[in-house]
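Analysis of the macromolecular model
Letter by letter, the chains look like this.
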Amino acid sequence: GHAPSDAVLSASQQLRDRPEKESVARVLVVLSDGLNNASVASLGSAIDAAQEAEVTIYATSTNYTASSSQAAMDTQIAFDVQNGNSNLRQLAEQTGGLVLHPRSPNDVTKAFEKIGQELRSRYAVSYKPANFAPDGHFRTINIEAHTGGRKLRVRARKGYYPRPKSQFPPAPPSPRQSPTPPEAT
């Protein structure tokens, strides 16, 4: 059986419970067909756990194109491929990540290279709303970017769970000036 929701839930909880000395990007890379036929956790609870832990999910589907021709002949396979890819898309989109669909097992390396490019070109945007209340309720957000009158494509989380200030990493120390050396005599 397949249990990607259990894996995402467990990894997200471990990342959430791991204290960090500074702000870090929390990323999960999932290689799966997306079928959730053996998970105890639901897809929704896995997404909630990832969002609460501020985890971004990048998924690579193992439902290769070669399987798609076979899927055309078998309605159960077609349903499984569609369902699995939908699960991976939801995991990625809801957490600000990306889902990739390699055409064959040989293309998985290219998918991981694409994920690496994405990770190297990420930007962090933050804000604190005027009515900030760390009440544990999910807040939806929408981030848009424009340049030259043209809307850019932005991948971002669909929302966040506000945390009390005590759960944020401490601000980095301010740079100190080195002591002035005594004058030589």
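Refer to the structure presented above.
Now for a description of the structure that goes with this document. Because the structure is a prediction, the values reported are computed rather than measured.

1. Comments concerning the overall build of the chain
What the chain contains, in helices and strands, is five helices and seven strands. Ordered by position from the N terminus, the helices and strands of the chain form the series α-β-α-β-α-α-β-α-β-β-β-β. For the chain, the proportion of its 185 residues judged to be buried stands at 31%. Long-range contacts, defined here as pairs at least 24 residues apart, represent 75% of the contacts in the chain between residues at least 6 apart. For the chain, the accessible area works out to roughly 12,700 Å², and carbon and sulfur atoms hold 51% of it.

2. Brief notes about the pattern of salt bridges
Summed over all chains, the structure comprises nine salt bridges. Between Arg16 and Glu52 there is a salt bridge, and its shortest N-O distance comes to 3.9 Å. Note that Arg16 is positioned in helix 1 (residues 4-17) and Glu52 in helix 2 (residues 43-52), a separation of 36 residues in sequence. Between Asp135 and Arg139 there is a salt bridge; the shortest N-O distance is 3.0 Å. On the accessibility criterion, Asp135 (40% relative accessible area) is partly exposed. Salt bridges sharing partners connect three or more residues here, namely Arg16, Asp17 and Glu52.

3. Notes on the side chain of Thr60
Mapped onto the elements of the fold, Thr60 is located in strand 2 (residues 55-61). Relative accessible area serves as the criterion here: at 0%, Thr60 is assigned to the buried category. Filtering out sequence-adjacent residues up to four positions away, Thr60 remains in contact with Val30, Leu31, Ser32, Leu88, Leu100, Pro102, Ala111, Phe112 and Ile115.

4. Concerning the nonpolar core
Where a protein is soluble and globular, its nonpolar side chains tend to be buried together. Residues Val8, Val30, Val55, Ile57 and Leu91 are the most contacted members of the largest nonpolar core, which totals 15 residues. Secondary-structure elements contributing two or more residues to this core are strand 1 (26-32), helix 2, strand 2 and helix 4 (75-95). Beyond its immediate chain neighbours, meaning those up to four positions away, Ile57 contacts Val8, Leu28, Val30, Ala50, Leu91, Ala92, Thr95, Gly97 and Leu98. Counting residues in each nonpolar core, the second largest holds five residues, with Tyr58, Leu98, Leu100 and Ile115 among its members.

5. Overview of the sheet that holds strand 1
Strand order across the open sheet formed by three strands is 1-2-3, with parallel pairing between neighbours. At either margin of the open sheet sits one strand with a lone partner, and together these are strand 1 and strand 3 (98-100). On average, adjacent strands in this sheet sit at an angle of 15° to one another, irrespective of strand direction. Sheet topology places strand 2 next to strand 3; three bridges connect them, and they run parallel. Each bridged residue has a counterpart across the sheet, and for Thr60 the counterpart in strand 3 is Leu100. Most of the contacts of helix 4 go to strand 2, to which it runs at about 155°, and overall it touches strand 1, strand 2 and strand 3. Against the sheet, helix 5 (residues 108-120) makes contact with strand 1, strand 2 and strand 3, and its axis sits at roughly 160° relative to strand 2, the strand it touches most.

6. Brief notes about a nonpolar patch on the surface
Taken together, the side chains of Val29, Leu31 and Phe112 make up a nonpolar region of the molecular surface, amounting to roughly 250 Å² of accessible area. Summarising the element assignment, Val29 is placed in strand 1. Among the residues examined, Val29 registers a relative accessible area of 42% and is labelled partly exposed.

About the thresholds
Residues numbered from 1 in each chain as written. Predicted model: local features only at pLDDT ≥ 70, side-chain atom pairs only at ≥ 80, totals over all residues. Heavy atoms only, no water. Helix = DSSP H or I, 4+ residues; strand = E, 2+ residues; numbered from the N terminus. Buried < 20%, exposed > 50% of the residue type's maximum accessible area, 1.4 Å probe, protein only. Contact = heavy atoms within 4.5 Å. Areas by Shrake-Rupley, 256 points an atom, 1.4 Å probe, with all protein chains shown as cover. Salt bridge = Lys/Arg side-chain N within 4 Å of Asp/Glu carboxyl O. Core = buried A, V, L, I, M, F, W, Y, C linked by side-chain atoms within 4.5 Å. Pairing = 2+ DSSP bridges. Axes fitted to C-alpha atoms, helices over the stretch in contact; angles between N-to-C directions. Patch = residues over 30% accessible without salt bridge, like charges linked within 9 Å, V, L, I, M, F, W, Y side chains within 5 Å.

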